[in-house]
Amino acid sequence: MLAEDPTMEPIRILVTGGTFDKEYNELNGELFFQSTHTGDMLRLGRCLLDVEIETLMMIDSLQMTDADRGHILERCPGRLRKTHRDYHGTDTMAETAAVLGAGLKGKTTVLTGAMVPYTFGSSDGLFNLGTALAFVQTLGEGVYVAMNGRCFPWHGVRKDKKKGIFERVPGSR
């Protein structure tokens, strides 16, 4: 077992729903939200990190408004040095990263999501959550998007909806 580092502050996970937390209704075939799977995923991954989980909302990112992004930004500042802003639907993650990137200073914030819901069993969510937790501990201050083992600065990322991947914006560093 790893010894706890008394100088390391907890990693704060802010949950907004997104594909990570979608459930499937077998009767009508619709996807819906019930509660977050964050705790289950951390237990399944045998996470030994000190984390604090806060559910802000349970919505699809396509429903996310500027007011929702403002609420996320409000919840990021505070006593914690490291913030891992987790579980954002992938369709508008780059837009939320831009709001946080322009508004946060002195923090390391990593956004992540999934292309397939966690409850489907073949989700990329567990891998993305693990890599985002690793990135938030090793990157310098700034806002990043972590998906499928890759990490991008907030000002240089976009989702290629035809390929279903995140990529660097041409010309960005």
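Okay, so let's go over this structure. Remember, it's a predicted structure, so these values are computed and weren't measured experimentally.

## Regarding helix 3 (residues 93–103)
At step 1: Those residues of helix 3 not exposed but buried are Met93, Ala94, Thr96, Ala97, Leu100 and Gly101. Each buried residue of helix 3 sits inside an arc of 155 degrees when the element is viewed along its axis, so together they form one side.
At step 2: Those residues of helix 3 that are buried lie in contact with helix 2 (66–75), strand 6 (108–111), strand 7 (142–147), strand 9 (157–160) and strand 10 (165–168).

## Some remarks on the pattern of salt bridges
At step 1: Using the criterion set out here, one finds six salt bridges in the structure.
At step 2: The salt bridge involving arginine 158 is made with glutamate 167; its shortest N-O contact spans 2.8 Å.
At step 3: Three or more residues are tied together by salt bridges with common partners; here these are Arg12, Glu54 and Arg75.

## Some thoughts on helix 2
At step 1: Every buried residue belonging to helix 2 is among Asp68, Arg69 and Ile72, and all of these are buried. Each buried residue of helix 2 sits inside an arc of 100 degrees when the element is viewed along its axis, so together they form one side. In this structure, helix 2 carries Asp66, Ala67 and Glu74 as exposed residues pointing more than 90 degrees from its buried face.
At step 2: Each element contacted by the buried residues of helix 2 is listed here: strand 1 (11–17), strand 4 (51–59) and helix 3.

## Here's the deal with unusual backbone geometry
At step 1: Positive phi values are uncommon outside glycine, yet arginine 46 reaches one of about 55 degrees.
At step 2: In this fold, arginine 46 is placed in the loop between helix 1 (38–44) and strand 4.
At step 3: On the basis of relative accessible area, arginine 46 is assigned to the exposed category, the value being 72%.
At step 4: Even without being a glycine, asparagine 148 presents a positive backbone phi close to 55 degrees.
At step 5: By the secondary structure assignment, asparagine 148 is in the loop between strand 7 and strand 8 (150–153).

Conventions adopted
All residue numbers here refer to positions counted from 1 along the written sequence of the relevant chain. Note on the predicted model: pLDDT of at least 70 is required for a residue's local features to be given, and 80 or more for side-chain atom pairs to be given and counted; whole-chain, interface and lining totals, by contrast, use all residues. To obtain the side-chain values, all non-hydrogen atoms of the structure were included, while hydrogens and water were left out. Type-normalised accessible area, obtained with a 1.4 Å probe on protein chains alone, sets the label of each residue: buried when under 20%, exposed when over 50%, and partly exposed for intermediate values. Secondary structure is summarised from DSSP: a helix means a run of H or I of at least four residues, a strand means a run of E of at least two, and numbering begins at the N terminus for each. The reported arc concerns the directions from the helix axis to the C-beta atoms and nothing else. In this description, contact between two residues means that some pair of their heavy atoms is separated by no more than 4.5 Å. The term salt bridge refers to a pairing of a side-chain nitrogen on Lys or Arg with a carboxyl oxygen on Asp or Glu at a separation within 4 Å.

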